[in-house]
Amino acid sequence: FPSHDIQQVTLLDIGANSGLITRGICLRNGNVTSVLAVEPQEFARVALELNIDGLDQKVEIFPFALGTQNETVKMTVPRNQSGSAFVGILSNQNPDGQVITIKMKSTESFEKSNLEYLSSVIVKSDIEGQDVKVLASFSDLFWLKVVGLSMEVTQAEYESSSEFKFFQKRMETLGLFEIAFRNGKILDRSSNTKNTRASNQNFNLYFMRNKKSSSWT
């Protein structure tokens, strides 16, 4: 995440899970002064509360998922995994794992209630294939406050999803540029050689507001 000159930055952690990444960001980035951690799974929130204990930052936990509307949905927690996936997107399939019911809140209502007063935000999103859909539902006004974004995508999504391409172009229009790392230096993704990841493999993609900045932690 970017270490900007801005003294007070809020971390919006969508899909905070056990909070290990949340804790790592807070410990390594002194500019983060507060955290909004969104995590719908009750068992994960127990670990999240333990991992944020003792942090200097003010951390607020929201016990629901974010989506395009307010509703109750089912999701599955795969056996022997900490991740999860929405049952609703697994049409006519029986997911191998525990099915739980969670509350979902629209990004529009969440933004009005919790984000309007913020001036600078970094966003981390890891919500099992729903990242583009959920992130795209935030307003342009919110994205103009964002100085850095880390999101999870699959290789197939990155290469061929029209929904992702539209989101990527929208981010550029709003001043957030995709970056890649090589030998500790920030490069344009377009300068990379062809990626050999499997089409269903997940990886983290980064966007930052100042394309020339090299101050990342």
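Numbers given for residues are sequential positions, taken from 1 along each chain in its written order. Predicted model: local features are reported for residues with pLDDT of at least 70 only, side-chain atom pairs are reported and counted for 80 or more only, and whole-chain, interface and lining totals are derived from all residues. Side-chain calculation: all heavy atoms of the structure are included, whereas hydrogens and water are not.

Colleague: Before we go on, may I ask you to explain the overall build of the chain in this structure?
Modeller: For helices the rule is a DSSP run of H or I covering at least 4 residues; for strands it is a run of E covering at least 2, with both sets numbered from the N terminus onward. Check the secondary structure of the chain and you find 7 helices and 12 strands. By the convention used here, residues are in contact when the closest approach between their heavy atoms is within 4.5 Å. Within the chain, contacts between residues separated by at least 24 positions form 72% of all contacts whose residues are at least 6 apart in sequence. For the area figures, the Shrake-Rupley method with a 1.4 Å probe applies, and any residue is considered shielded solely by the protein chains shown. Taken as a whole, the chain presents about 11,500 Å² of accessible surface, with 47% of it coming from carbon and sulfur.

Colleague: I would appreciate a short explanation of helix α7 (residues 162–173) in the present structure.
Modeller: Think of an α-helix as 3.6 residues a turn; residues three or four steps apart then line up on the same face. Between its first and last C-alpha, α7 extends 16 Å over 12 residues, near the 16 Å set by a 1.5 Å rise per residue. Throughout, exposure labels follow a simple rule: accessible area from a 1.4 Å probe, protein chains only, divided by the maximum for the residue type, with under 20% read as buried, over 50% as exposed, and the rest as partly exposed. For α7, the complete set of buried residues consists of Phe-164, Phe-167, Gln-168, Arg-170 and Met-171. Within α7, the buried residues cover an arc of 160 degrees as seen down the axis, which keeps them to one side. Turned more than 90 degrees off the buried face of α7, the exposed positions are Ser-162, Phe-166, Lys-169 and Thr-173. The distance from a side-chain oxygen at the start of α7 to the backbone nitrogen of Glu-163 is 3.3 Å, and the residue carrying that oxygen is Ser-161. Looking one or two places after α7, you find Gly-175, whose phi comes out positive at around 90 degrees. An expected span of 1.5 Å times one less than the residue number is assigned to each helix. Relevant arc is that of directions from the helix axis to the C-beta atoms, nothing else. Pairs of N or O atoms are called polar contacts if they sit within 3.5 Å, as long as, within protein, a hydrogen donor faces a hydrogen acceptor (for residues adjacent in sequence, only side-chain-to-side-chain pairs).

Colleague: Honestly, the side chain of Arg-170 in this entry has me stumped. Any pointers?
Modeller: With respect to the helices and strands, the residue Arg-170 is situated in helix α7. Judged by its relative accessible area of 15%, Arg-170 falls in the buried class. A polar contact is formed between the side chain of Arg-170 and the side chain of Asp-140, at a distance of 2.8 Å. Dropping the residues within four chain positions of it, Arg-170 is found in contact with Leu-135, Ala-136, Phe-138, Ser-139, Asp-140 and Trp-143.

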